Amino acid sequence: MITRLFGATGVNVAVIGQGTWGMGESRRAETAEIAALRLGIELGMTHIDTAEAYGDGGAERVVARAIAGRRTDVFITTKVWPDNASYAGTLRACERSLKRLDTEYVDLYLLHWPSQHPIAETMRATEELVRQGLIRFIGVSNFDVAQLQAAQAALARERLACNQVLYHLRDRRIERDLLPSCEKHDMAVVGYTPLARGGFHRGVIAEIAKKYGRTPRQVALNFLTRRPSLFTIPKASRAEHVRENAAALDFSLTPDD
């Protein structure tokens, strides 16, 4: 798996990582979910994204089991839910996430959505978490350009590492203003739900896939990470989909493609 510099962090992160939305909601599915995440790690998809809201903390517990014994091999992202994003609430939420993840720190901590709590409170709390060594980097999710500017202005010592946003072939709105703004400020852009609901089995995506002997899903992931600022976190609970995602950057699209 290709890695590249993640914004201004100075850290190389897997371009294609692993999402966990929907995991941790069923005990019957946990064995397969853990196996899928472990396979992804073996294949180089070492950026694992989760959140306290996923499965009411269940996804974080699944991640904990998947990364057991491999903590130094992975880059873990989790998120504070907006309702919890007061100064004290952010500190407590992070402590709960660390306990569920069974780790002493997370690599990247995001505010999941813009919150009713003042952004200055949330950012001050995240800087305190960095100071304590409980998180390495600070980011946000689902922020527009103005909200990003306000969040960065609220930080006294740190820089925002990333903005995690919806980005797939049927929704490319971030390319107008948000992506250029993030690139201008050396901020990574992590696209979630990159495969939407599929439907790439015909048309130009299918034609390009046939040209390279690849799958339409692989063409989509390749395109959505075509710029140095772009990363993505598709979810996969089945081994065949994990392997498919991991091989999505083993070919190059031309400008015409």
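This text follows the structure it describes.
These numbers come from a predicted model, not from an experiment. (Residues numbered from 1 in each chain as written. Predicted model: local features only at pLDDT ≥ 70, side-chain atom pairs only at ≥ 80, totals over all residues. Heavy atoms only, no water.)

Two elements in contact, helix H4 (residues 119-131) and helix H5 (residues 145-154), have axes separated by 8 Å at closest approach and are oriented at 50°. Overall, the two elements H4 and H5 adopt an arrangement that is oblique. The crossing of H4 and H5 is right-handed. Only Ala150, Ala151 and Ala154 of H5 make contact with H4, whose side of the interface consists of Ile119, Ala120 and Met123. Each residue belonging to the contact of H4 with H5 can be placed in one class, and the counts come to six nonpolar, no polar and no charged. (Axes fitted to C-alpha atoms, helices over the stretch in contact; angles between N-to-C directions. Helix = DSSP H or I, 4+ residues; strand = E, 2+ residues; numbered from the N terminus. Parallel < 35°, antiparallel > 145°, perpendicular 65-115°, else oblique. Left-handed = near helix turned anticlockwise from the far one by under 90°. Contact = heavy atoms within 4.5 Å. Nonpolar A, V, L, I, M, F, W, Y, C, P; charged D, E, K, R; others polar.)

Applying the stated criterion to the full structure yields 16 salt bridges. With a shortest N-O distance of 2.6 Å, Glu42 and Arg70 are connected by a salt bridge. Placement of the pair is Glu42 in helix H1 (residues 27-42) and Arg70 in the loop between helix H2 (58-66) and strand E5 (75-80), with a sequence separation of 28 residues. Classification of Arg70 as partly exposed rests on a relative accessible area of 24%. (Salt bridge = Lys/Arg side-chain N within 4 Å of Asp/Glu carboxyl O. Buried < 20%, exposed > 50% of the residue type's maximum accessible area, 1.4 Å probe, protein only.)

What follows deals with the packing of H1 against H2. One can describe the packing of H1 onto H2 by two numbers: an axis separation of 9 Å at closest approach and a directional angle of 55°. Of the possible angle classes, the one that applies to H1 and H2 is oblique. Like other packed secondary-structure pairs, H1 and H2 cross with a definite hand, here right-handed. Packed against H1, whose contacting residues are Glu30, Glu33, Ile34, Leu37, Arg38 and Ile41, the element H2 presents Val62, Val63, Arg65 and Ala66 at the interface. Of the residues assigned to the contact of H1 with H2, the class counts are six nonpolar, no polar and four charged.

Bringing the environment of Gly19 into the picture now. As for its placement among the helices and strands, Gly19 is situated in strand E3 (residues 18-19). On the basis of relative accessible area, Gly19 is assigned to the buried category, the value being 5%. A C-alpha to C-alpha distance of 20 Å links Gly19 and Pro228, two positions 209 residues apart in sequence. In contact with Gly19, not counting residues within four places along its chain, are Asp49, Ile233, Pro234 and Lys235.

Once that is clear, we can look at unusual backbone geometry. Even without being a glycine, Asp102 presents a positive backbone phi close to 55°. Within the secondary structure, Asp102 is located in the loop between helix H3 (87-101) and strand E6 (106-111). With a phi close to 55°, Asp186 is a non-glycine residue in the positive phi region. Topologically, Asp186 is positioned in the loop between helix H6 (178-184) and strand E9 (188-192). Residue Asp186 is classed as partly exposed on the basis of its relative accessible area, which comes to 39%.

For strand E7 (residues 135-141), the buried fraction is high: six of the seven residues fall into the buried class. Sheet analysis places E6 next to E7, joined by five bridges and oriented parallel. Counted as the bridge partner of Leu108 is Phe137 from E7. Tracing the backbone out of E6, into H4 and back to the parallel element E7 gives a crossover that is right-handed. As judged from the three bridges shared by E7 and strand E8 (residues 160-166), these two strands associate in the parallel manner. Each bridged residue has a counterpart across the sheet, and for Val140 the counterpart in E8 is Asn163. Between E7 and its parallel partner E8, the chain crosses via H5, and the hand of that crossover is right-handed. (Pairing = 2+ DSSP bridges. Right-handed = clockwise from strand over helix to strand, strands pointing away.)

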